[in-house]
Amino acid sequence: MSRLAALFVLSLLALVPGLGHGQALVTDLSEHVVTVNSSFTGTELLLFGMTDGPGDIVVVVQGPREDVVVRRKENVGGLIWINRRAVGFERVPGYYVVASSRQLTSITTLAARAQHRMGADYLDFSLAASTRRIAGAELTAFRQAVVRNKRAAELYYEAEESVQFVGERLFRTKLTIPAHAPDGNYTVNTYLLRNQQVVAQQSTPLSIVKSGFEQTVFSLAHEQPAIYGLAAVLISVFAGWAAAAIFRKS
Amino acid sequence: MQIYLPIAEISINVLLILGLGGGVGFLSGMFGVGGGFMMTPLLIFIGVPPAVAVASEAAQIVASSVSGVLAHWRRKNVDFKMGLVLTVGGFAGSTVGAFLFKYLRQIGQVDLVIAVSFVVLLGIVGGLMLQESLRTLFRKAQQTQRRKAHTHYWAHRLPFKMRFHRSKLYTSILPPIAIGFFIGILAAIMGVGGGFIMVPAMIYLLGMPTAVVVGTSLFQIIFVTANVTVMHSINTQTVDIVLALLLVAGGVIGAQLGVRVGARLRGEQLRALLAVIVLAVGVKVALDLILQPTDVFSIAPVVH
């Protein structure tokens, strides 16, 4: 299996431009455009590459930015849990993955992790302009809630030791894209590290495109909501009439 | 087999949705109840966002009511004039409800209001059904109480009277408009048709003959839930037509089976069972409000 995979990676690498021209790091993805359609239950992408010698690899993937609101439930009257506090954040990555060949703390410095967003703690999303100012422990709690909820939705994950080397120079890792990953342009940054320092980096483009029937439905619902609503009613009326007609005959 | 629901934005097993539609449809067919009041909480349990569950369920009720009203229409058991008066109130109520729904969504309280509404509704409906079926089972009920006509009298004194030939009534249009308005609000916020309130209200408050109440109720539910579907589409983009059609497909088959099985079995034990199911769903909704959530923080896209 691993031999097959290695062969696959090697054959793909033959297609990568620039390889063998003295670059320290070359990477590519098995697909650059991922299409979401009705059978889409998430997909796996293969990221692979080659280095010019031993070292460690960290891959950081970020999806399109979005605005989110975080709400905190509080127990009211000792009875029910109700959303009380709401805090808005801007420029939150809709998808975020860190994959590395070894534990991040053993192959990177804090400065490198912070600079290259290697770890959800270092993401640079910020309080929305319109939201109430919070700081300190409260801000941390709300920021961590964003990351925790995104992780629970499988939109964020950290996979240490998931980058596998085949020999000394060839490496590969899998990226899991769930069905509800946002569409748009993603950035895939791969870093080569030696002695905890980034010695080379490469970006690979990736876009998620929603297409087919689902996308048609989604776009119509959001761009022509009145027409969508009327169409939904007409379709439902027809479905109800058809159901009655079928069962009347039988 | 997984399918991606484009508006709910979740992947879900098609058979689960068809089975849910079929199961609730079966109960609807067997007991002659609408089923929207069961479907919305069940959709929430399986992970559909509450707002999407409500709005998509409205579209499903349009279909099931069209399906149901045709048989009543053929038997001339629809009072169209009364249906239109109820629809006037229902349109206004569901429009108000839809804007309330939008506002609640903006302030992050729509899930709470949906859940609390269902706890109250399922508690009342399940409780009354259980009480009635137990009473019948233990034969404690002697004669059913004769319907008193006093409501008829107070309705008689109100202005704007109209003659309803099919219902053999000459009465003010204000009570039906008010009832339609109230149920319209429920339809928009809970994704229910409201037949379980409308039917007794027609009999006991409006004094309509029992033969026409179900057909007339279904007739007006079509228009009110159609309005809810359009309003939620425009205001919050929460109608998932793929989800609705899967529920319709499961629902019509389940309802046909339910009607056939219901015709053969004696009803009271089954009715008690349905009451217990309704109460159990209500208890589950209540527990989700009362028990501490695993994460007190939740995130949502910004809604403008």
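Definitions and cut-offs
Residues numbered from 1 in each chain as written. Chains lettered and ligands numbered in written order. Predicted model: local features only at pLDDT ≥ 70, side-chain atom pairs only at ≥ 80, totals over all residues. Pairing = 2+ DSSP bridges. Helix = DSSP H or I, 4+ residues; strand = E, 2+ residues; numbered from the N terminus. Axes fitted to C-alpha atoms, helices over the stretch in contact; angles between N-to-C directions. Contact = placed C-beta atoms within 7 Å. Nonpolar A, V, L, I, M, F, W, Y, C, P; charged D, E, K, R; others polar. Core = buried A, V, L, I, M, F, W, Y, C linked by C-beta atoms within 7 Å. Buried ≥ 20, exposed ≤ 12 C-beta atoms within 10 Å, placed from the backbone.

> When you look at the sheet that holds strand 10 (residues 164-166) of chain A in this model, what are you seeing that I'm missing?
Neighbouring strands of a sheet are bound in pairs by backbone hydrogen bonds; such pairs are parallel or else antiparallel. All names here are of chain A. Spatially, 1-3-11-10 is the arrangement adopted by the four strands of the open sheet, whose pairing is antiparallel. Strands at the two margins of the open sheet, each flanked by one partner only, are strand 1 (25-29) and strand 10. Neighbouring strand axes in the sheet, compared pairwise and without regard to direction, differ in orientation by 25° on average. Where strand 10 and strand 11 (residues 170-177) come together, three bridges link them in antiparallel fashion.

> Honestly, the interface of chain B and chain A in this entry has me stumped. Any pointers?
A common way to report how large an interface is uses the accessible area buried once the components associate. At the interface, 45 residues of chain B touch 45 residues of chain A. Those elements that provide at least two residues to the side of chain B that touches chain A are strand 1 (2-5), strand 2 (10-13), helix 3 (50-74), helix 9 (210-236), helix 10 (241-264), helix 11 (267-290) and strand 5 (297-301) of chain B. Here the side of chain B that touches chain A takes eight residues from helix 3 of chain B, the largest share from any one element. Here the residues of the side of chain B that touches chain A are counted per class, giving 30 nonpolar, 13 polar and two charged. In this sheet, strand 5 of chain B lies alongside strand 5 (residues 65-76) of chain A in antiparallel orientation, the contact comprising five bridges. Across the sheet, residue R71(A) finds its bridge partner in strand 5 of chain B, namely S298(B).

> Sorry, what's going on with the nonpolar core here?
Most often, soluble globular proteins keep nonpolar side chains buried together rather than apart. In terms of nonpolar packing, the biggest core is built from 106 residues, with L5(B), V62(B), L122(B), I222(B), L243(B) and V248(B) touching the most fellow members. Tallying contributions element by element places helix 9 of chain B first for this core, with 13 residues. Excluding its chain neighbours within four sequence positions, the residues that come into contact with L122(B) are F37(B), V278(B), L279(B), V281(B), G282(B) and V285(B). Residues V70(A), F171(A), L192(A) and I299(B) belong to the second largest nonpolar core, which totals 42 residues.

> Even after reading the chapter, I still don't get the environment of I277(B), so can you show me in this structure?
Relative to the assigned elements, I277(B) resides in helix 11. Between the C-alpha atoms of I277(B) and G126(B), which are 151 residues apart in sequence, the distance is 7.9 Å.

> I keep staring at the sheet that holds strand 5 of chain A and nothing clicks. Help me out?
The sheet built from four strands is open, its strands ordered 8(A)-6(A)-5(A)-5(B) with antiparallel pairing. Of all the strands in the sheet, the pair left with one neighbour each is strand 8 (126-127) of chain A together with strand 5 of chain B. Most of the contacts of helix 4 (residues 136-152) of chain A go to strand 5 of chain B, to which it runs at about 75°, and overall it touches strand 5 and strand 6 (80-93) of chain A together with strand 5 of chain B.

> Sorry, what's going on with unusual backbone geometry here?
Note: most residues except glycine have negative phi, and most peptide bonds are trans. In this model, E161(A) sits at a positive phi of 65°, which is unusual for a non-glycine residue. The topology assignment puts E161(A) in the loop between strand 9 (156-159) and strand 10. Residue E161(A) is classed as exposed on the basis of its C-beta count, with 12 C-beta atoms lying within 10 Å. Of note in the backbone geometry, F160(B) takes a positive phi value of approximately 55° without being a glycine. Secondary-structure assignment places F160(B) in the loop between helix 6 (150-157) and strand 3 (161-164).

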